[in-house]
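Below are the chains, spelled out letter by letter.
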Amino acid sequence: MAFVPTMTFEQARACVVQQVSAARQRPAMEDAGLESLAGRVMAEDVTAERDIPALARSVRDGFAVHAADVPGTLEIIGEVRAGGRFDGAVARGQAVEIMTGAPMPRGADAVVMVEHVTRENPGKLHTDRAAEAGQFVNPQGCEARAGEILIPAGKRLSYPDVALLAATGRERVPVFVQPSVAILATGDEIVPVNETPQAHQIRNSNAYSLAAQVARAGGRPRMLPVARDEYAHTREWVEAGLSCDLLLISGGVSAGKYDIVERVLADCGAEFFFDRVLIQPGQPLVFGRARGKFFFGLPGNPASTMVTFEIFARAALELLGGQCETALPFIQATLTQDFRHRTGITRFLPARLGPGPGELTPLRWSGSGDVPALSRANAYLVAAADRAEWKAGENIHALLQ
Ligand code: AMP
Ligand code: MG
């Protein structure tokens, strides 16, 4: 096999983003309804059909006035509530009672809060507060102008985006078809979930954590059977997996005698971009392309599979799904205890965020197979490769689980 490089975490991440960005094609489109848009990717720019708000609106309960008239005593000539309209105009010395969200009556240029007026009979109010023009008024178009792009094509829809689409009357919108992702677990020790493993066997948990991660990242998981550590069987299912938009393989990429995944991929004509990354867990990690499809060979230890999906495969999947960008949401957290590690490798270790805001506590775990520890965790502590020690109270990166 041709030489395949080892990369640092940063190099490998940049490599995935660059390779997939350069090779991907625009996905097909389909329409989806407002109730099923969470996590979908917009396929076309959405523009504002009219100014938002369409009219100047009050943002307080109070009185619409001429700012220049206050402080002073004003005549109350009517009221306007949200959903209503005041047809007249407010002349100097006059006020219209107004509720939050109601359109500003003509003439008025400011709102005085109801808490800052006293009513005087008959039909008068007094305020001893001054106001500036525009006070407590949202001008027409202050949130967006008619024709302005509200949501660009390639944006993964958040719940505020769904609110915006609903507010602008889009019941169905064009989104990209979600990439299909083949999930192929390998290993003679792996048995299906509904079988009782013998002492030397374990159940196939990786396929299911991956399916959950794929769905969360906007892909459609396709479960393949477990491939035996045997050339012909592994090749059969790798080839089947290459018919999907992305192929994820778990296990079989280490240096053991029965780790045959790389050889099978090479025989399928694969180009390899890296096959080892200086991270833990997950060092023996393969990324490449065969028959026009990207694949990841993820190491089989559950923590390795989970972490390498999140930090590498997820970016590929998001880009294949038509997202215009992909980001790894590292946050800064404050360590609750001292932490040290051996430099040279970027580590992603199970940790808990909380209970105080931004506090991070590394969890005890017995290594990459410790799924109970990963289940107790809600984040990964990210230990940079070039720093050995952090003291309690110092900041460190974390990645939300
Ligand atoms: P490998 O990367 O094939 O050397 O696998 C390393 C270890 O990961 C194996 O010894 C298993 O304990 C575990 N493992 C591999 N595949 C799976 C799987 N599908 N589900 C759960 N654990 C797995
Ligand atoms: Mg194996």
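Residues numbered from 1 in each chain as written. Chains lettered and ligands numbered in written order. Predicted model: local features only at pLDDT ≥ 70, side-chain atom pairs only at ≥ 80, totals over all residues. Heavy atoms only, no water.

1. Digging into the sheet that holds strand β17 (residues 220-223)
Piece 1. Spatially, the six strands line up as an open sheet ordered β17-β14-β18-β23-β22-β19, and their pairing is mixed. With partners counted over all chains shown, the strands left at the sheet margins are β17 and β19 (271-274), one partner each. The sheet shows a mean angle of 25° between the axes of neighbouring strands, taken without regard to direction.
Piece 2. Pairing geometry for β19 and strand β22 (residues 286-290), over three bridges, is antiparallel. Bridge assignment links F272 to a residue of β22, and that residue is G288.
Piece 3. Contacts from helix α3 (residues 206-216) reach β14 (180-185), β17, β18 (246-250) and β23 (293-298) within the one sheet, and its direction differs from that of β17 by about 160°. (Pairing = 2+ DSSP bridges. Helix = DSSP H or I, 4+ residues; strand = E, 2+ residues; numbered from the N terminus. Axes fitted to C-alpha atoms, helices over the stretch in contact; angles between N-to-C directions. Contact = heavy atoms within 4.5 Å.)

2. Remarks on the sheet that holds strand β9 (residues 118-120)
Piece 1. Ordered by their spatial adjacency, six strands build an open sheet running β8-β5-β7-β6-β10-β9, and the pairing between neighbours is mixed. Looking along the sheet, the strands with just one partner apiece sit at the ends: β8 (110-113) and β9. Looking at each pair of strands side by side, their axes are set apart by 40° on average, direction ignored.
Piece 2. Sheet topology note: the strand β5 (residues 62-65)/strand β7 (residues 94-98) ladder contains three bridges and is antiparallel.

3. So, the side chain of S304
Piece 1. Relative to the helices and strands, S304 is located in helix α6 (residues 302-320).
Piece 2. For S304, a relative accessible area of 5% gives the class buried. (Buried < 20%, exposed > 50% of the residue type's maximum accessible area, 1.4 Å probe, protein only.)

4. What about empty space enclosed by the protein?
Any empty space left between the atoms is revealed when a probe the size of a water molecule rolls over them.
Piece 1. Taken as a whole and assessed by the stated rule, the structure comprises one cavity of 30 Å³ or more.
Piece 2. There is about 80 Å³ of room inside the largest cavity.
Piece 3. Along its surface, the largest cavity is lined by 14 residues, and V41, P179, A217, G218 and G321 are the ones closest to its centre.
Piece 4. For the lining of the largest cavity, the per-class residue count stands at six nonpolar, five polar and three charged. (1 Å grid on protein atoms, 1.4 Å probe; cavity = no way out; pocket = protein on both sides within 12 Å on 5 of 7 lines; lining within 4 Å. Points joined across faces, edges and corners; volume = space filled by probe spheres on them. Nonpolar A, V, L, I, M, F, W, Y, C, P; charged D, E, K, R; others polar.)

5. Some points on the pattern of salt bridges
Piece 1. Applying the stated rule across the entire model yields 17 salt bridges.
Piece 2. Here R314 makes a salt bridge to E318, at a shortest N to O gap of 3.0 Å. One end of the pair, R314, and the other, E318, are both in helix α6, four residues apart, so they sit about a helical turn from each other. (Salt bridge = Lys/Arg side-chain N within 4 Å of Asp/Glu carboxyl O.)

6. Comments concerning helix α4 (residues 231-241)
Piece 1. Buried within α4 we find H233, T234, V238 and G241. The arc that holds the buried residues of α4, viewed along the axis, is 130°, so those residues lie on one side.
Piece 2. The inward-facing, buried residues of α4 contact β14, β18 and α5 (261-267).
Piece 3. Its side-chain oxygen 3.3 Å from the backbone nitrogen of A232, E230 forms the N-cap of α4. (Arc of directions from axis to C-beta. Polar contact = N/O pair within 3.5 Å; in protein donor to acceptor, adjacent residues only side chain to side chain.)

7. Here we look at the site of ligand 1
Piece 1. Taken together, the neighbourhood of ligand 1 is formed by 17 residues, with N204, S205, G252, G300 and N301 sitting nearest.
Piece 2. A distance of 3.2 Å separates a nitrogen atom of ligand 1 from a polar atom in the backbone of N206.
Piece 3. Within the backbone of N301, one N or O atom sits 3.1 Å away from an oxygen atom of ligand 1.
Piece 4. Per-class residue counts for the shell around ligand 1 are five nonpolar, 10 polar and two charged. (Near = heavy atom within 4 Å.)

8. Regarding the nonpolar core
Piece 1. V16, L248, F274, F287, F296 and F312 are the most contacted members of the largest nonpolar core, which totals 41 residues.
Piece 2. Tallying contributions element by element places α6 first for this core, with 12 residues.
Piece 3. With near-sequence residues (within four places) excluded, F274 lies in contact with V4, P5, M7, A12, C15, V16, L285, V286 and F287.
Piece 4. Counting 20 residues, the second largest nonpolar core, distinct from the first, contains C244, V253, A290 and F295. (Core = buried A, V, L, I, M, F, W, Y, C linked by side-chain atoms within 4.5 Å.)

9. A look at the side chain of T305
Piece 1. Checked against the element boundaries, T305 lands in helix α6.
Piece 2. Other than its neighbours up to four places away in sequence, T305 contacts N206, L210, S250, L298, P299 and G300.

10. Describing the packing of helix α1 (residues 9-23) against α6
Packed helices, taken two at a time, are described by their axes: the angle between them and the distance between them.
Piece 1. Orientation of α1 relative to α6, taken along the N-to-C sense of each, is 20°, at an axis distance of 9 Å. One way to sum up the angle between α1 and α6 is to call them roughly parallel. Crossing of α1 against α6: the hand is right-handed. From α1, F9, A12, R13, V16, V17, V20 and S21 reach across to α6, where they touch I311, F312, A315, A316, L319 and L320.
Piece 2. Each residue belonging to the contact of α1 with α6 can be placed in one class, and the counts come to 11 nonpolar, one polar and one charged. (Parallel < 35°, antiparallel > 145°, perpendicular 65-115°, else oblique. Left-handed = near helix turned anticlockwise from the far one by under 90°.)

11. Brief notes about the environment of Q94
Piece 1. Its location among the elements puts Q94 in strand β7.
Piece 2. For Q94, a relative accessible area of 17% corresponds to the buried category.
Piece 3. A sequence separation of 13 residues divides Q94 from G107, and the C-alpha atoms of the two residues are 9.7 Å apart.
Piece 4. Among all residues touching Q94, those that are not within four sequence positions of it are A64, V65, D69, L74, E75, I77 and A89.

12. A word on the packing of aromatic side chains
Piece 1. Here the structure, examined in full by the defined rule, presents 11 aromatic pairs.
Piece 2. When the centroid spacing of 5.7 Å and the interplanar angle of 15° are considered together, the rings of F287 and F294 count as stacked. Each member of the pair, F287 as well as F294, is classed as buried.
Piece 3. Through successive ring pairs, a cluster of aromatic residues spans F9, F273, F274, F287, F294, F296, F312, F330 and F348. (Phe/Tyr/Trp six-rings, centres within 6.5 Å; stacked < 30°, edge-to-face > 60°.)

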